[in-house]
Amino acid sequence: MQRSAYAAAGAALLLASPVTSVTAFAEDGARSDAIILEEILVTATRRSESVEDVPISISVVGADDIASSGSNNLRDLASLIPNFVFGQGNNEATSDISIRGIYSHVAPGQVGFDQGFSVYVDGVYMGKQFAANAELGTTERVEVLRGPQGTLFGKNTISGAVNIISKKPGNELEGDFSVEAGNRSLVHVKGSVNLPLVEDRLALRASIGVREVDGYLTNTFLDDDDVGNLEQTSGRVQLRFTPGERTTVDVNSDFFSADSVDYIFEYLPSHAASDNRKFTKTNNYPDYTERDLFGISLTVEHVLANGYTFTSISGWRDDEVIFGADIEGSPRDVFAGTFAVEPQQFTQELRIASPTDRAFDFVAGLYWFDQEADSFDVLMPGSQFPFPPAAGSAHQSQTVEAQSMAAFVHANFRLSDAWTLFAGARYTDETKELVVNPIVCPNPITCAALRFPRLPGPTGAPVDVETKDPTWSVGLRHHVDDDVMLYGTVTRGLKSGAFNKIQNPAGALAANLLIAEPEFVTNYEVGAKTSWLDRRLQLNVAVYYMDYEDLQVRTVCTVCGPFPVQRLSNAAAATSKGFEVELSALATDNLTIMAGVGFSDATYDKFQGVQDNRTRMLVDASGNDIPVAPDWTINVALQHRARLGAGMVRSRLDYAYIDDRYAVTGVINDPDYFLPSRSLVNARIGYRPQGDNWGIAVWGRNLTDDDSLVYAAYRSAFGSAGHVGMYQQPRTYGVTLDYRF
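Residues numbered from 1 in each chain as written. Predicted model: local features only at pLDDT ≥ 70, side-chain atom pairs only at ≥ 80, totals over all residues. Heavy atoms only, no water.

*Asks:* What should I look at first to understand the state of the cysteines in this one?
*Replies:* Structurally, a disulfide amounts to a covalent bond that connects the sulfur atoms of two cysteines. Across all of its chains, the model carries 1 disulfide by this definition. Between the sulfur atoms of C441 and its disulfide mate C447 the distance is 2.0 Å. Taking the sign of the torsion about the S-S bond as the criterion, the disulfide between C441 and C447, at about 80 degrees, is right-handed. Note on accessibility: C441 and C447 belong to one class, buried. (Disulfide = S-S within 2.5 Å. Buried < 20%, exposed > 50% of the residue type's maximum accessible area, 1.4 Å probe, protein only.)

*Asks:* In this structure, what is going on with the sheet that holds strand β5 (residues 58-62)? I would like to understand it.
*Replies:* Sheet strands pair via backbone hydrogen bonds, and the direction of the pair is either parallel or antiparallel. Pairing is mixed across the open sheet formed by 5 strands, whose spatial order is β5-β10-β11-β8-β9. Each edge of the open sheet carries a strand with a single partner, namely β5 and β9 (124-125). (Pairing = 2+ DSSP bridges. Helix = DSSP H or I, 4+ residues; strand = E, 2+ residues; numbered from the N terminus.)

*Asks:* Just checking my understanding: could you explain the side chain of S260 for this structure?
*Replies:* If you trace the backbone, S260 turns up in strand β18 (residues 247-261). Side chain to side chain, S260 and D262 meet in a polar contact 2.7 Å long. Once residues within four sequence positions are removed from consideration, S260 is found in contact with E92, N229, L230, D287, Y288 and T289. (Polar contact = N/O pair within 3.5 Å; in protein donor to acceptor, adjacent residues only side chain to side chain. Contact = heavy atoms within 4.5 Å.)

*Asks:* It is not clear to me how a negative patch on the surface should be interpreted in this structure. Could you clarify?
*Replies:* A contiguous patch of negative charge on the surface is contributed by E212, D214, D223, D225, E231, D259, E290 and D292. With respect to the secondary-structure elements, D214 resides in the loop between β14 (202-213) and β15 (217-219). (Patch = residues over 30% accessible without salt bridge, like charges linked within 9 Å, V, L, I, M, F, W, Y side chains within 5 Å. Areas by Shrake-Rupley, 256 points an atom, 1.4 Å probe, with all protein chains shown as cover. Salt bridge = Lys/Arg side-chain N within 4 Å of Asp/Glu carboxyl O. Lys, Arg positive; Asp, Glu negative; His and termini not counted. Charge placed at Lys NZ, Arg CZ, Asp CG, Glu CD.)

*Asks:* Even after reading the chapter, I still don't get the pairing of strand β37 (residues 617-620), so can you show me in this structure?
*Replies:* Consecutive side chains along a regular strand alternate between the two faces of the sheet. Relative to β37, strand β36 (residues 591-612) runs antiparallel, the two sharing 4 bridges. In the strand pairing of β37, V610 is matched with V619. From the end of β36 to the start of β37, which pair antiparallel, there are 4 residues, and R616 there has a positive phi angle of about 65 degrees.

*Asks:* Can you help me understand the nonpolar core in this one?
*Replies:* Note that soluble globular proteins tend to have their nonpolar side chains buried in a common cluster. Within the largest apolar cluster, 61 residues are counted, with the highest numbers of intra-cluster contacts made by L74, F84, V119, V142, V162, L434 and F452. Sequence-distant contacts of V119, that is, excluding residues within four places in its chain, are made with L74, V124, Y125, M126, A132, V162 and I164. Residues Y103, Y216, F265 and L268 belong to the second largest nonpolar core, which totals 45 residues. (Core = buried A, V, L, I, M, F, W, Y, C linked by side-chain atoms within 4.5 Å.)

*Asks:* I keep staring at the side chain of S314 and nothing clicks. Help me out?
*Replies:* Counting through the fold element by element, S314 comes out in strand β22 (residues 309-318). For S314, a relative accessible area of 17% puts it in the buried group. A polar contact is formed between the side chain of S314 and the side chain of Q348, at a distance of 2.4 Å. Those residues within four positions of S314 in sequence are excluded, and the remaining contacts are I296, S297, L298, F346, T347 and Q348.

*Asks:* How should the pattern of salt bridges be read in this particular structure?
*Replies:* If charged atoms from side chains of opposite charge come close, those side chains can pair. A complete count under the given rule lists 35 salt bridges for this structure. Among the ionic pairs, D361 bridges to R47, the shortest N-O distance being 3.7 Å. Of this pair, D361 sits in strand β25 (residues 360-381) while R47 is found in the loop between β3 (41-42) and β4 (49-50), placing the two residues 314 residues apart along the sequence. By relative accessible area, D361 is classed as buried at 1%. With its nearest N and O atoms 2.7 Å apart, the salt bridge here joins D654 to R652. Here D654 matches R652 in class, with each residue buried. A network of salt bridges, in which partner residues are shared, links R100, R146, E525, E580 and E582.

*Asks:* What is the right way to read the packing of aromatic side chains from this model?
*Replies:* The geometry of an aromatic ring pair is captured by the separation of the ring centres together with the interplanar angle, meaning the angle of the planes. Inspection of the entire model under this criterion finds 19 aromatic pairs. Judged by centre distance (5.8 Å) and plane angle (85 degrees), the ring pair of Y216 and Y263 falls under edge-to-face. Of this pair, Y216 sits in the loop between β14 and β15 while Y263 is found in the loop between β18 and β19 (266-267), placing the two residues 47 residues apart along the sequence. Looking at Y263, the relative accessible area reads 5%, which means it is buried. Aromatic pair F579 and W632: ring centres 5.9 Å apart, planes at 75 degrees, arrangement edge-to-face. Remark: W632 occurs in strand β38 (residues 632-644) and F579 occurs in strand β35 (residues 565-586); sequence separation between them is 53 residues. For F579, a relative accessible area of 25% puts it in the partly exposed group. (Phe/Tyr/Trp six-rings, centres within 6.5 Å; stacked < 30°, edge-to-face > 60°.)

*Asks:* So what exactly am I meant to see when it comes to the sheet that holds β19 here?
*Replies:* The 3 strands lie next to each other as β19-β45-β44, forming an open sheet whose pairing is antiparallel. Pairing within the sheet leaves two strands with one partner each, and these edge strands are β19 and β44 (709-715). Examined bridge by bridge, β44 and strand β45 (residues 722-727) share 6 bridges and lie antiparallel to one another. For A713, the partnering residue across the bridge sits in β45 and is V724.

Shown next, in the form of structure tokens:
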């Protein structure tokens, strides 16, 4: 690890030492009697409680921090959260998230796979990974729960869960509108309005955002200087009906649409085709992504006369992603493809929560998940395709249907005023079915040359993928006093079994290429949540050890067809151990300090059969570092408020450090996949007149114009072998005008 990482870690922990807070300022510049850090309420345990009482390593980013840090999506927020890394993939459809050093590469076109983390928006599971990084919009807070969350959040939260809570309709007429402009022709317009329709009974909140920004990369072959651009529109409509004091009904609908020309990689200087210029590429087919997301949900919460709370959450999602790629990434007309994924899903959760003013309380429920995911591929060998002559395209498609039922309970047993024993369990019963459609070649020479199998019609897989397993948690919580809570937990997590993307189900089953069994982890964790100096400083610490069994990883079969076949299998075991430290402090009467340090040592205990793209040989990766798993992540934010004339100046400085690591496909830990450490500095300063509704701010991201590698690989596709990579997005800056009422 570099000296700068140690220095930054020390600074993050020592900055709060001169805490001498006397008075805090309110947003409008008036003095406030509050001289303590605000209590943060979360719903990580499926009921509202203080984050300081939750025995989970959890980071919370509120609406104020989202706005002041200039964050638009989950990728932006990653730099504010220790041991949470949003790796750089090859297009906007990927969400390569590593939590506590655990990561498995799942291509967005693989409908039979699941990622090891889950994103929930207002209690609704977001399904496939390409839906994870949508615009945040009018978000109240984002909760990032580290470690397996299988008891309350279910399958596929084996490394953690992200819980996004939107701002709900209320009884006050209010709204906001902002216009943002910056370099690269950035224009970002967004607004929201809350309308109380019937006093104390019916309210509506609507929000919309439009964002466009030019690219920062040039495709010299296609004469396109707009690679890396983005055009997106998003919105949310929410209706809250309160028929009585005990009942709340929320109807939510959201949409998101985004188009981009993607920066998937460029030749690095070691590649023979490199032009030794950063941010240039030369492929002959445009790389692009189109995402369209839509969801609607109905949440009903009713407090019974005996104090029990009943909750029903029904969710429907209809999402789609289409992306195109030049497979070999060169000017030659060799191979390209267009890929589409269309998942539709319905989820239903029913919960009952007991009152919390007794020696025993619980949350219990039932969960139903029904998803049908279609994938469509158009494979396009070109005129320079190196294998036996192939002309024209090949079309293939498949469907994976998943149905899952679960029952769960989590309970607290108060042994005394200071000691609480808690435990939970969940049983998941999931079945996945696969149907593969025949490959269609308008020119039959293509199918013959590529040796694609001939299926007589839609063909179901001979076996289903079944996941029928429990997850559980048990722990002890001790309140030393009102300011110190200690906890210890052991939790068991689960990731669903998976279908590989194959062309011949029966042949794949015979070759042991069809399925991967479920993946499991056992997490051992101890932590402390503490408040100091009359609640002007909070310091939270968690130490963990995670033991992974039957880890789903990619291996290669070199004798399974005309090309090497990538497959997902349970070929690995892994261990991740480390800690998180988070600090918040009112350092003076106008300065708030927030800092986080994460350390993770994540390695494969066993992993054989990995292909080295240089030699085409299979190697043993046992003992290697897991990709997208830096040892250290560090974040520090300084937020300052001061009066200026009749108004308030508010400034924020963010520093984020990610230690060196290997890129998303760097399992073999070859230097070609190595990514150096990266430091990002963001800043924002704004002015708001006292009593006025308008404000102005100037901001910059990546102020030092860091251009470190964020993706690297050795590619050997179709004669274009060599070192490729992607660089950190260049500095951006701009100005924001906003109006509130």
